[in-house]
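One letter stands for each residue in the lines below.
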Amino acid sequence: MIRPVANEAQRSVGLDLRSITKRFGSFVANDAVDLTVRPGEIHCLLGENGAGKSTLMNVLYGLYQPDGGEILIDGVPRRFADPKAAMAAGIGMVHQHFMLVEVFSVAENMILGREPGLVVDMKAAKATVRQLSQRYNLPVDPDALIEDLPVGVQQRVEILKALANDAQYLIFDEPTAVLTPQEIDELMVVMQKLRDEGKGIVFITHKLREVRAIADRITVLRRGKIVGQAEPGTSETELAQLMVGRAVDLSVAKQPAEPGAVRLAVDGLTVTNSAGAVVVDDISFDVAGGEILCIAGVQGNGQSELADALIGNIPVLSGRIRLDDRDLADASPRQSIAAGMGFVPEDRQHDGFIGTFTIAENLVLNRFDTAPFAGGGSLNLKAINDNAVTLRDEFDIRTPDVQNLGSSLSGGNAQKVVLARELSRELALLVASQPTRGVDVGAIEFLHKRIVDERDKGTAVLLVSTELEEVEALADRVLVMYRGKIVGIVGPDTPRDVMGMMMAGVGYDEAVQVAAGDAADAGKDA
Amino acid sequence: MSTATEEPHVPSLTDAPEELHFEVLESRDARRARLSSGVLIVVVGLLLGVLFFSTSGVARFALSDAFAEVQLPTIELPGAPVVAICAVLCLLAGAGFISGRLRNRMPMVAGLVAGIAVVLGFLTWAAAGRDLPFPVANQLAGTVFTATPLIFGALCGVVGERSGVVNVAIEGQFLTAAFAAALTGSITKSIWAALIAAVFAGVLMAALLALFAIKYLVDQVVLGVVINLLASGITGFLFDQLVQPNSRALNSAPTMDPISIPFLADLPFVGPVLFQQTILVYLAIVAVVVVWWLLYRTRWGLRVRAVGEHPKAADTVGISVKRVRWQAVLVAGIFSGLGGAFFTVGSVGVFSKDLTVGNGFIALAAVIMGRWHPVLAASMALFFGFVVQMASQLQTLNTPVPSQFLLMLPYLATIIAVAGLIGRTRAPAADGVAYTK
Amino acid sequence: MSESTTWGDRVRGEVRMRWRDWAITLAAFVLALLVGAILMIVADPQVAGNFNYLLTAPGLALGSAWTKVSTAYSALLMGAVGSPQALAATSAAAAPLICAGLAVGLAFRAGLFNIGAQGQAILGSMAAAWVGFSLPLPPVIHLIVAVLAGLVAGAIWGGIVGWLKATTGAHEVIVTIMMNYIASGLLAWVLTTAAFQRPGRDDPISPEVPSSAAFPQLYEQLHLGFFVALLAAVVVWWVLDRSVIGFSIRAVGANPHAAGTAGMNVGRTTIITMAMAGALAGLAGVQAALGPSVNGVPVPLTEGLVGTVGFDAITVALLGRSKPVGIVLAGLLFGGLSAGGLAMQSVAQTPLTLTLVLQALVVLFVAAPQLVATLVPFLSARKARASLTGADA
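Per chain, residues are indexed from 1 in the order of the written sequence. To read the labels, note that chains go from A and ligands from 1, taken in the order they are written. Local features in this predicted model are restricted to residues whose pLDDT is 70 or higher, and side-chain atom pairs enter the listing and the counts only when it is 80 or higher, whereas totals over whole chains, interfaces and linings include all residues.

Here's the deal with the overall build of chain A
Here is the rule we go by: Numbering of helices and strands runs from the N terminus, with a helix taken as a DSSP run of H or I at least four residues long and a strand as a DSSP run of E at least two residues long. Here the globule rule is a power law, 2.2 Å times the number of residues to the power 0.38, and the radius of gyration is based on C-alpha atoms. Contact between two residues is assigned when their C-beta atoms, built from the backbone, lie within 7 Å.
Across its full length, chain A carries 18 helices and 22 strands. In terms of overall size, chain A behaves like a compact globule, its C-alpha atoms giving a radius of gyration of 25 Å where 526 residues would be expected to give roughly 24 Å. Based on the C-alpha atoms only, the size of chain A along its principal axes is roughly 70 × 60 × 50 Å. Long-range contacts, defined as pairs at least 24 residues apart, comprise 66% of the intrachain contacts of chain A with a sequence gap of at least 6.

Shown next, in the form of structure tokens:
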């Protein structure tokens with residue numbers, strides 16, 4: 001079912017990208033990429049993080065200028081000097097990170113860049129919003145401020161913005177990353193409806209399931225090159241192989257857990273974010289030594305804040321955190337670290353790593369002031385360097401010199417530095433958030449293995465992940481979070497559809513019933 | 001420092017339906033702002049309490065000056081009791097903040113009460129038992145006058161920073177404009193030529209800021225400081241080399257006379273305060289309205305605010321971020337030029353080295369405390385004008401406080417305000433961040 | 001430790017970077033001198049007037065311009081490095097600049113913009129001078145106590161800013177600016193009080209600091225204070241590169257979130273950094289208060305004693321790229337500019353304020369290497385190659 005890339009017979013109607021090449025310095029982000037989109041079809045562009053999907057679309061949208069190749073619309077070559085030119089040619093984009101001004105109203109965002117007169121006529125703008133939102137059945141309140149809207153509604157505004165421009169071709173750049181399963185379903189319906197209206201749609205994603213659900217055609221991109229095209233019926237395994245370039249097995253060879261005594265006990269934990277919203281709501285759970293508890297959930301349901309509260313980055317409003325025999329509810333990160341907590345932050349670049357520090361310095365970031373790295377107020381540079389050399393070899397950190405700057409490392413190697421730092425000391429608890437996000441496949445296997453090894457040493461492991469694959473591969477138990485609350489704690493063998501429904505807030509029992517009903521329906525159809 | 005020993009609020013969400021959004025409690029920032037406000041107000045209240053012991057006699061406040069046609073009565077207040085009441089009011093308001101029991105509009109009311117109590121208490125203490133009454137009309141007219149350059153400076157800051165370019169160089173723009181106005185005014189003997197030269201100089205310095213900030217991506221705060229030095233150096237050098245030796249020809253600019261607006265100027269009390277001012281003062285008031293209208297009612301304003309908040313979003317809808325920022329910084333330069341003109345042709349007529357003495361920085365503080373909103377920032381500029389004017393009025397009353405301390409008041413007020421009284425403010429999201437694709 | 005090839009590559013890469021930094025700095029200096037020259041010509045009515053005859057008598061215009069500029073700049077150069085005395089004067093002018101430059105640079109490394117070196121220096125000079133003229137102490141001890149007093153006063157003035165930032169989030173730029181004005185006011189006030197004002201005087205001036213509290217003079221204007229400044233640079237180097245607290249300072253400056261997550265106390269680091277910066281700026285004030293002037297005794301405390309050292313320090317720190325060695329060199333450069341400027345003023349009748357212009361311009365050009373590269377084509381070829389590695393569109 002997989003066929004190699006071939007020059008299709010040229011049809012004049014539609015959008016053609018021909019041999020697009022885009023370089024950043026010596027790095028080739030797009031290497032002679034061809035892509036066609038016809039009106040009335042959904043063309044999926046599939047690829048791993050960093051495969052070059054977004055670069056390609058930014059070229060198409062006029063944000064980047066290609067170093068080679070051409071763009072044709074209905075057979076006519078076009079050049080887009082800026083997004084305005086692309087928009088004028090009928091190309092619209094729904095950005096992964098919404099291009100909405102948060103403190104503006106919906107109507108202000110909609111007219112931005114296409115205001116009819118020198119003086120803004122808000123009444124007319126609101127009327128336009130209402131009209132569009134009715135026509136496409138995408139309800140929004142024109143007066144609402146973007147920052148007050150849920151993510152799904154913000155995305156609606158983003159879609160309407162593209163439609164307001166009379167876009168004939170719509171690019172959806174990783175639109176599902178921030179959505180709940182229901183919101184994803186709604187989005188799928190919207191996309192299908194737009195297709196049926198005759199719009200050409202490019203749907204960028206790395207989630208295989210979504211591709212199979214909606215694509216009319218599939219193109220797979222790997223390391224900047226097109227590696228193949230596939231039919232919608234292609235199996236997930238085949239797509240995955242195409243995407244990552246070799247047969248992948250995400251499962252980790254691990255022995256069944258042998259949980260010991262409870263090491264981390266969280267009781268009635270409530271946490272607010274900086275704006276005062278309750279984001280972790282009266283949560284209680286335990287993690288025993290020698291087990292991995294995974295926190296699963298759609299991004300933004302309180303997992304990040306839970307992890308931050310555990311280490312002490314954000315204060316706890318109420319509730320208790322006990323690690324072994326220490327009470328850490330009011331602890332600072334320093335105290336939590338001293339109590340034996342290892343912490344792999346969700347946003348490595350932001351919270352876990354200092355790019356302008358050397359690799360050796362990054363490897364002692366939370367211990368630089370203790371022996372043997374420091375004494376008498378002075379750093380022991382030799383000890384810091386020796387430690388780094390040892391950890392480089394042990395954790396296979398690919399760098400010629402540990403005195404190089406942290407920013408010289410790839411994402412996977414930077415993550416190895418963070419993990420090496422945390423695992424190179426005696427831990428009671430390891431809290432790891434999204435430990436493999438933005439990390440290449442080879443490194444993922446290694447990181448997973450080290451986490452399991454740590455578990456087998458008797459450490460309690462709390463893993464926060466939004467990737468179901470990772471949860472299934474590593475978890476001994478799975479805690480599903482939704483809107484700051486625990487939906488349920490289940491085994492790692494829970495079927496995916498049940499887990500998915502729980503991530504949308506449906507309780508375990510109900511989810512099992514619904515899933516069983518769906519399975520029966522599917523059986524009837526077949 | 002804030003203490004974390006307060007009893008935590010436990011949210012009662014158990015019976016709320018699941019569909020509800022996350023319950024919003026007081027945010028940490030708001031809490032910290034509330035507590036620091038409370039502590040500050042209490043400290044000020046305690047200070048007033050101390051002053052109470054050195055208050056004796058009757059405080060008199062003259063509502064009109066001696067030459068006014070319509071003489072308004074002079075108000076007499078018993079010194080010690082008024083100071084005591086003001087101190088107590090402050091303490092109560094502060095306690096209210098600290099307790100966290102104030103809801104809805106109450107914090108605003110308490111803040112207002114505290115503010116009025118501080119000013120009234122302080123003035124009463126200063127005026128009590130003195131030979132001369134405190135001239136209220138002078139104080140207010142002087143406030144408007146003194147605030148004029150601050151208003152222009154604040155507008156300059158607001159317009160530039162709303163587009164995402166931090167402007168620490170208002171001081172330097174003032175200085176250059178003041179110099180240009182004095183020089184041009186002296187040569188041409190024309191107020192208007194001087195004003196145009198000042199605006200030109202302000203825009204020129206703005207162009208320098210824009211060039212280095214927008215094109216060469218220099219850190220904007222560093223840049224502002226360096227531009228200030230440059231302005232100080234260039235005006236100082238030209239003054240030393242060119243102007244000083246020929247000060248009769250080159251440093252004797254005409255000054256603006258107050259213009260009385262017919263009828264309105266004759267109103268008792270309000271007349272002299274608002275309607276017997278120079279053209280620059282009227283221009284400042286008009287400018288506030290114009291900037292508000294530009295920012296919130298026009299296409300250009302929408303775009304300026306958009307590039308200051310989310311430049312990439314603006315870029316993706318075809319707005320040239322750099323062009324809009326250039327425009328905003330240059331337009332802002334006009335206001336800094338007008339503000340700079342105040343220091344020479346708007347008041348004394350002669351230039352002296354570094355004569356703007358930090359007004360540009362106080363304008364910057366007004367921008368921040370005014371939350372980057374033209375009207376609020378102008379109000380803050382008026383507040384600073386009030387403090388500066390009060391300091392100079394009190395000097396004439398022979399208060400027991402050395403004049404140097406009174407002159408520190410505006411700077412102290414700024415620190416207090418920045419450190420918490422106004423609370424945490426939210427800058428335009430992309431303020432100070434250079435835009436590159 | 002590491003493979004020799006990569007080590008060599010790194011050294012070579014660093015040398016290339018250094019070379020570029022030097023070239024940019026040099027080009028910036030030349031450009032600043034050029035602009036300064038233009039300013040001199042424009043501001044001199046006589047010379048500028050000759051340009052009316054540029055077409056008819058180009059020699060006259062260009063000749064007078066050349067005379068003007070070359071006289072001024074050669075006086076500047078001679079005054080800075082032309083003689084042992086000039087070098088001594090440069091060292092004396094550089095000492096406070098180095099100290100205050102370190103104050104700004106150290107804070108920069110922690111991500112803090114310390115515009116308050118001026119106020120901190122004022123406080124330092126006040127405290128040191130007071131100990132100097134008020135306390136009757138034996139010679140060596142007197143000097144040490146006076147220096148320490150200056151350090152402590154500066155540290156308090158800077159520490160307040162750090163404390164306000166750490167507890168309330170008040171932006172240090174605004175607060176330090178305001179603290180500068182308050183410091184000036186404070187100085188103006190104390191000079192009217194009995195504790196500070198010289199007996200029998202009406203104007204704001206303090207008694208003279210006796211030689212027991214003054215930095216010993218070594219040669220002409222070169223005094224012990226210069227070596228104290230160098231020592232301060234060594235200490236700052238050690239603190240930043242070799243000490244535990246320096247690790248925190250650099251980490252907080254580079255990425256406060258990561259530093260906090262790794263257990264460092266960001267607020268405490270902010271306070272310590274600002275207090276240390278304040279102490280260094282205080283030392284700059286000490287230099288002004290205790291350093292012997294041309295006539296061998298320290299200048300008594302007046303409102304203008306420290307001059308604009310706190311603002312000059314910003315340019316020193318920027319030019320020195322916030323590194324101690326760079327700051328020492330930049331301090332010497334601007335110290336020379338200042339010492340030479342005095343000579344220029346007396347010999348060539350060109351106002352000292354020109355040096356302020358040169359200083360600001362050098363920093364402005366250094367901050368925008370791209371502009372320098374555009375203006376100096378020789379550099380732009382290298383620039384183009386260098387930018388190949390950046391993902392710069």
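Points about the domain arrangement of chain A
Formally: The split into domains, and so the bounds of each, comes from an automatic or database assignment of domains.
Domain boundaries assigned for chain A yield domain 1 (1-90 + 168-244), domain 2 (97-167) and domain 3 (262-340 + 426-493). Using C-alpha coordinates to define each centre, domain 1 of chain A is positioned 36 Å away from domain 3 of chain A.

Re the packing of helix H5 (residues 170-188) of chain B against helix H14 (residues 359-369) of chain B
Think of two packed helices as two axes; the pair is described by the angle between the axes and how far apart they sit. Residue and element names in this part refer to chain B. For the record, the criterion: Angular values range over 0 to 180 degrees, each being the angle between N-to-C directions of two axes fitted as lines to C-alpha atoms, with helices fitted over their stretch in contact. Here is the rule for angles: anything less than 35 degrees is roughly parallel, anything more than 145 is roughly antiparallel, 65 through 115 is roughly perpendicular, and the remaining ranges are oblique. In a left-handed crossing the near helix is turned counterclockwise from the far helix by less than a right angle, and in a right-handed crossing that turn is clockwise. Each residue gets one of three labels, nonpolar for Ala, Val, Leu, Ile, Met, Phe, Trp, Tyr, Cys and Pro, charged for Asp, Glu, Lys and Arg, and polar for the others, Gly among them.
Orientation of H5 relative to H14, taken along the N-to-C sense of each, is 135°, at an axis distance of 7 Å. In this view, H5 runs oblique relative to H14, as classed from their interaxial angle. In terms of crossing hand, the pair formed by H5 and H14 is right-handed. Contacts between H5 and H14 pair Ile 170, Glu 171 and Phe 174 from the former with Asn 359, Gly 360, Phe 361, Ala 363 and Leu 364 from the latter. In the contact of H5 with H14, the residues fall into five nonpolar, two polar and one charged.

Focus on helix H11 (residues 299-309) of chain B
Since the α-helix packs 3.6 residues into each turn, any two residues three or four apart lie on the same face. Heads up, the rule is: Comment: burial labels come from other C-beta atoms within 10 Å of the residue's own C-beta, placed from the backbone, where a count of 20 or more is buried, 12 or fewer is exposed, and between is partly exposed.
The element H11(B) is largely enclosed, with a buried count of nine among its 11 residues. Gly301(B), Leu302(B), Arg303(B), Val304(B), Arg305(B), Ala306(B), Val307(B), Gly308(B) and Glu309(B) are the residues of H11(B) that are buried. On its buried side, H11(B) packs onto helix H3 (106-111) of chain A together with helix H4 (136-162), helix H10 (279-297), helix H12 (311-316) and helix H13 (321-348) of chain B.

Remarks on the pairing of strand E12 (residues 278-288) of chain A
All names here are of chain A. Applied cut-off: Strand pairing is assigned whenever DSSP detects at least two bridges linking the two strands.
Pairing of strand E11 (residues 262-272) with E12 involves seven bridges; the strand directions are antiparallel. Within E12, the position partnered with Leu 264 by the bridge is Val 287. Connecting E11 to the next strand, E12, in antiparallel fashion are five residues, including Gly 276 with a positive phi near 95°.

A word on the nonpolar core
The condition that has to hold: Any set of buried Ala, Val, Leu, Ile, Met, Phe, Trp, Tyr and Cys residues joined through C-beta atoms within 7 Å is what this text calls a nonpolar core.
In this structure, Cys90(B), Ala154(B), Ala181(B), Ala366(B), Ala381(B), Cys99(C) and Ala103(C) are the most contacted members of the largest nonpolar core, which totals 457 residues. Ignoring anything within four residues of it in the chain, the contact list for Cys99(C) reads Ala229(C), Ala232(C), Leu280(C), Ala281(C), Leu283(C), Ala284(C) and Gln287(C).

Description of the sheet that holds strand E4 (residues 68-73) of chain A
All names here are of chain A. Overall, antiparallel pairing links the four strands, which are arranged E2-E1-E4-E5 in an open sheet. The strands lining the two open edges of the sheet, one partner per strand, are strand E2 (27-37) and strand E5 (76-78). The mean inter-strand angle of the sheet, taken between neighbouring strand axes irrespective of direction, is 30°.

Some points on the pairing of E2(A)
Residues and elements named next belong to chain A. Where strand E1 (residues 15-24) meets E2, seven bridges bridge the pair, whose relative direction is antiparallel. Paired with Leu 15 across the bridge in E2 is Val 37. Connecting E1 to the antiparallel partner E2 that follows it, the hairpin turn spans two residues, and Gly 25 within it adopts a positive phi of roughly 60°.

Side note on the interface of chain C and chain B
Each partner contributes residues to the interface: chain C has 41 residues there, and chain B has 41 residues. Of all the secondary-structure elements, those providing two or more residues to the side of chain C that touches chain B are helix H1 (4-43), helix H6 (139-168), helix H7 (172-190), helix H12 (309-319), helix H14 (353-367) and helix H15 (369-375) of chain C. Counted by class, the side of chain C that touches chain B contains 30 nonpolar, 10 polar and one charged residues.

As for the packing of helix H5 (residues 117-134) of chain C against H12(C)
Residues and elements named next belong to chain C. At a minimum axis distance of 7 Å, the contact between H5 and H12 shows a crossing angle of 130°. Between H5 and H12, the angle is such that the two are oblique. In this structure, H5 meets H12 at a crossing whose hand is right-handed. Note on element contacts: H12 touches H5 through Val 309, Gly 310, Phe 311 and Ala 313, opposite Ala 117, Gln 118, Gly 119 and Ala 121. The residue makeup of the contact of H5 with H12, split by class, is five nonpolar, three polar and no charged.

Observations concerning H6(C)
In plain terms, the rule: In this scheme, a helix's expected span is set at 1.5 Å multiplied by one less than its residue total.
For H6(C), built from 30 residues, the straight-helix expectation of 44 Å at 1.5 Å per residue is met to within 8% by its first-to-last C-alpha distance of 44 Å. Positive phi appears at Gly169(C), one or two residues downstream of H6(C), with a value of about 80°.

Focus: the sheet that holds strand E21 (residues 477-482) of chain A
Residues and elements named next belong to chain A. Spatially, the six strands line up as an open sheet ordered E16-E19-E20-E13-E21-E22, and their pairing is mixed. Edge positions in the open sheet fall to strand E16 (341-344) and strand E22 (485-490), since each of these has one partner strand only. Mean inter-strand twist for the sheet, computed between neighbouring axes without regard to direction, equals 15°. Taken together, the four bridges between E16 and strand E19 (residues 429-433) define a ladder with parallel strand orientation. In the strand pairing of E19, Phe 343 is matched with Val 431.

Things to note about the confidence of the model for chain A
Note the following rule: Confidence of the predictor at the level of single residues is given by pLDDT, which spans 0 to 100.
On average, residues of chain A carry a pLDDT of 87, and 94% of them reach 70 or more. Considering each helix and strand of chain A separately, the mean pLDDT is smallest for helix H8 (residues 236-244) of chain A, with a value of 74, and largest for helix H12 (residues 359-362) of chain A, with 96.

Structural notes on unusual backbone geometry
Residue Pro372(A) is bonded to the preceding Ala371(A) through a cis peptide linkage, with omega at 0°. Residue Ser19(A) is not a glycine yet carries a positive backbone phi of 55°. With respect to the helices and strands, the residue Ser19(A) is situated in strand E1. The backbone phi angle of Ser322(C) is positive, close to 60°, even though this residue is not glycine. Among the secondary structure elements, Ser322(C) is positioned in the loop between H12 and helix H13 (324-348). Ser322(C) sits in the partly exposed class, given 19 other C-beta atoms within 10 Å.

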